[in-house]
Amino acid sequence: MENTKDLSEHSSRSKRKRRDSFGMFDGYDSCSEDTSSSSSSEESEEEVAPLPSNLPIIKNNGQVYTYPDGKSGMATCEMCGMVGVRDAFYSKTKRFCSVSCSRSYSSNSKKASILARLQVTGKPPTKKAKVLQKQPLVAKLAAYAQYQATLQNQAKTKAAAVSMEGFSWGNYINSNSFIAAPVTCFKHAPMGTCWGDISENVRVEVPNTDCSLPTKVFWIAGIVKLAGYNALLRYEGFENDSGLDFWCNICSSDIHPVGWCAASGKPLVPPRTIQHKYTNWKAFLVKRLTGAKTLPPDFSQKVSESMQYPFKPCMRVEVVDKRHLCRTRVAVVESVIGGRLRLVYEESEDRTDDFWCHMHSPLIHHIGWSRSIGHRFKRSDITKKQDGHFDTPPHLFAKVKEVDQSGEWFKEGMKLEAIDPLNLSTICVATIRKVLADGFLMIGIDGSEAADGSDWFCYHATSPSIFPVGFCEINMIELTPPRGYTKLPFKWFDYLRETGSIAAPVKLFNKDVPNHGFRVGMKLEAVDLMEPRLICVATVTRIIHRLLRIHFDGWEEEYDQWVDCESPDLYPVGWCQLTGYQLQPPASQSSRESQSGSSKQKKKAKSQQYKGHKKMTTLQLKEELIDGEDYNFLQGASDQESNGSANFYIKQEP
């Protein structure tokens, strides 16, 4: 008790500015705009007494923070007395906050610190005693006018950036009460598989923008709302006041787990607006943060690791020929942004003939893939690899599910339903035109095929873009009949009989439905697959098992696209900001009218050829025997009920 009393008296009579176990200024009020003190060096040091031992925050076994993974606890450096998150400390024993403290412990500096403690307390240190804390102080105020000018310049820069981008996800979501798809829905995106339990009320340390200090200081904030990678944050102490709430990307370099400031020697300073609310901010933080959740200590490391991509510039791949879908060509990786590849066709002399896709796209393959499965391939006029170009290792490409083609399998001429890759808003009557090796199929859209088959396209047998006959009817999706087919409404039974065709067996289709987590109305960022260099603000408008209907905000429904729930062309809100990719904002009425020569209008012209064939009633397929196979259709699930791992859409009778 006597020791504690001495330390308390020593601490109370000292007005020296120092950081406590949160890295927070004890005397933050002395560092306000009114101070007249100055400092010639940011590295000036000053010895201070340790904090009173009766403060719960500095107990070695204090359970102050709880991480999403269940780990918790604080630790105190046995050299400098710094208190911080235990997992952020150095060495396996977590006895020291840094390498320098670990080395200094066994050097003369330890002896000097022990002597200093003896002078303060009058008692020798026990085995568990902590030596004096000695930390550099934050630099005192510089020229206030100069700092205000810096703030104004930063504000102008931010305003210019906002006006240049012309779109803010935070404002868009707040003003319309939208909900964004969670990061865990996107396994291919950064942190998609290790997002953990990040949710509302998780606490983080962020820069304090409501402060006039010349140095960068931090404060603790809680997550009020999550939208993909973006979080609406509120500084601790504001309670229900949303006046200074702000949006930020959780994966940015300015967001840290609670305890980072203490471990890094950064100051925690309460916002100027609420400095008057509490006289003991330390006690306030202890009360507010005890038992609270924060980010894992290795969160930033995981973000960095998840944004490392194996594809590199100069790698050669085989990719679909965007002018002739029936064949592939050699292309070279020009750049990689967030896992998305800009591929330049090898014969492009000016390097403008390009194609964008994700590295996990089913449209790219290793060199030699086409020949190995019997797919058409356009030979390059370039007989020799250009210097520096090299073939991409085959193991880097997305793997397809192995299939057994030895038994009952797809055959040429079989009918099915398929998403038209040239008009992704439609599912059409289609025919298998050629069976390739390794489970790949060449498919053509009935009624609109070129005589030479140049518009056939390749889907794998397990592709989520092909469906058995009757899929659209039972799920209340409009089916596009063959062009020129006049016997409407279209009926599969009649069409199969008229064409002398058979339906592909239901059991050969992929019926797996992952628990993807998407819901109707969720916002996301999606690739416009008709112009794949563009990523747009989008909304999920329908969910049919694993199939998503993606609507591009501000555009007509005719531009909607059917996309699989695991498509690498879908991204969480904030992905473009995180990776540096340009996001296309929602189109306004004026912008739509002004883009007569834009890619969207080109798509509109392309879609006109389908318009005359889209008006039809819901199919009325009879439950009859089709080519000797007996099967029944289940009642179609609603949009909200279709997310699950159940048996897809058709029940196969034994």
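Residues numbered from 1 in each chain as written. Predicted model: local features only at pLDDT ≥ 70, side-chain atom pairs only at ≥ 80, totals over all residues. Heavy atoms only, no water.

A.B. asks: Account for the environment of methionine 476, with residues named and values stated.
C.D. replies: Relative to the assigned elements, methionine 476 resides in the loop between helix H10 (471-474) and strand E25 (479-480). Methionine 476 gets classed as exposed once you look at its relative accessible area, which sits at 55%. Between the C-alpha atom of methionine 476 and that of isoleucine 544, which follows or precedes it by 68 residues, the distance is 9.5 Å. (Helix = DSSP H or I, 4+ residues; strand = E, 2+ residues; numbered from the N terminus. Buried < 20%, exposed > 50% of the residue type's maximum accessible area, 1.4 Å probe, protein only.)

A.B. asks: Go over the nonpolar core, please, and point to the residues and values.
C.D. replies: In this structure, Trp195, Leu233, Phe299, Phe518 and Ile550 are the most contacted members of the largest nonpolar core, which totals 71 residues. Residues in contact with phenylalanine 299, not counting those within four places in the same chain, are Met191, Trp195, Ile198, Ile250 and Cys251. (Core = buried A, V, L, I, M, F, W, Y, C linked by side-chain atoms within 4.5 Å. Contact = heavy atoms within 4.5 Å.)

A.B. asks: Residues and numbers for the pairing of strand E27 (residues 535-544), please.
C.D. replies: Of all ten residues that make up E27, eight are buried, and the element is covered over most of its length. By the bridge criterion, five bridges tie strand E26 (residues 522-527) to E27 in an arrangement that is antiparallel. Bridged to glutamate 525 within E27 is valine 537. Sheet topology places E27 next to strand E28 (residues 547-552); six bridges connect them, and they run antiparallel. Each bridged residue has a counterpart across the sheet, and for arginine 542 the counterpart in E28 is arginine 549. Where E27 hands over to E28, the hairpin turn is made up of two residues, of which histidine 545 adopts a positive phi near 60°. (Pairing = 2+ DSSP bridges.)

A.B. asks: How would you summarise helix H7 (residues 281-289) if you had to cite specific residues and measurements?
C.D. replies: Looking only at H7, the buried set comprises Trp281, Lys282, Phe284, Leu285, Val286 and Leu289. Its side-chain oxygen placed 3.2 Å from the backbone nitrogen of lysine 282, asparagine 280 serves as the N-cap of H7. Positive backbone phi, approximately 80°, marks glycine 291, located one or two places after H7. (Polar contact = N/O pair within 3.5 Å; in protein donor to acceptor, adjacent residues only side chain to side chain.)

A.B. asks: Tell me about the sheet that holds strand E9 (residues 230-235), and name the residues and values.
C.D. replies: Strand order in the open sheet formed by five strands is E10-E9-E8-E7-E11, with antiparallel pairing between adjacent strands. Each edge of the open sheet is held by one strand with a lone partner, namely strand E10 (246-249) and strand E11 (256-257). Inspection of the sheet shows strand E7 (residues 203-207) paired to strand E8 (residues 218-227) by five bridges, in the antiparallel sense. Paired with valine 206 across the strands is tryptophan 219, a residue of E8. In the packing of helix H5 (residues 169-176) onto the sheet, contacts are made with E8, E9 and E10, and the angle to E10 comes to roughly 130°. Against the sheet, H7 engages E7 and E8, with an angle of about 30° to E8. (Axes fitted to C-alpha atoms, helices over the stretch in contact; angles between N-to-C directions.)

A.B. asks: Please set out the pattern of salt bridges residue by residue, giving values where relevant.
C.D. replies: In total, this model carries 29 salt bridges according to the counting rule given. The salt bridge involving aspartate 321 is made with arginine 329; its shortest N-O contact spans 3.8 Å. Like arginine 329, aspartate 321 is buried. Here glutamate 408 makes a salt bridge to lysine 507, at a shortest N to O gap of 2.6 Å. Residue glutamate 408 is located in the loop between strand E19 (390-391) and strand E20 (415-419), and its partner lysine 507 is located in the loop between helix H11 (492-499) and E26; the two are separated by 99 residues in the primary sequence. Overall, glutamate 408 belongs to the partly exposed group, its relative accessible area being 42%. A single salt-bridge network, built from bridges that share partners, covers Asp321, Lys322, Arg323, Arg327, Arg329, Glu347, Asp353 and Lys378. (Salt bridge = Lys/Arg side-chain N within 4 Å of Asp/Glu carboxyl O.)

A.B. asks: Give a description of the side chain of arginine 234 that names residues and reports values.
C.D. replies: Mapping arginine 234 onto the fold places it in strand E9. Reaching out from arginine 234, the side chain makes a polar contact with the backbone oxygen of glutamate 239 at a distance of 3.1 Å. For arginine 234, the side chain forms a polar contact with the main-chain oxygen of aspartate 241, separated by 3.5 Å.

A.B. asks: Report on H5, specifying residues and quantitative values.
C.D. replies: When we look at burial in H5, the residues that qualify are Trp169, Gly170, Tyr172 and Ile173. Along the axis of H5, the buried residues cluster in a sector spanning 165°; they form a single face. When the buried face of H5 is taken as reference, the exposed residues oriented beyond 90 degrees from it are Asn171 and Ser175. At the C-terminal side of H5, serine 177 shows a positive phi close to 55°. (Arc of directions from axis to C-beta.)

A.B. asks: Residues and numbers for the confidence of the model for the chain, please.
C.D. replies: Confidence in the prediction of the chain, expressed as mean pLDDT, is 76, and 65% of residues score 70 or more. Low pLDDT, under 50, characterises residues 107-150; the stretch is placed with 85 contacts to residues that sit more than four places away or in other chains. Between residues 155-164, whose pLDDT stays under 50, and residues either more than four places distant or in other chains, the model counts one contact. (pLDDT = per-residue confidence, 0-100.)

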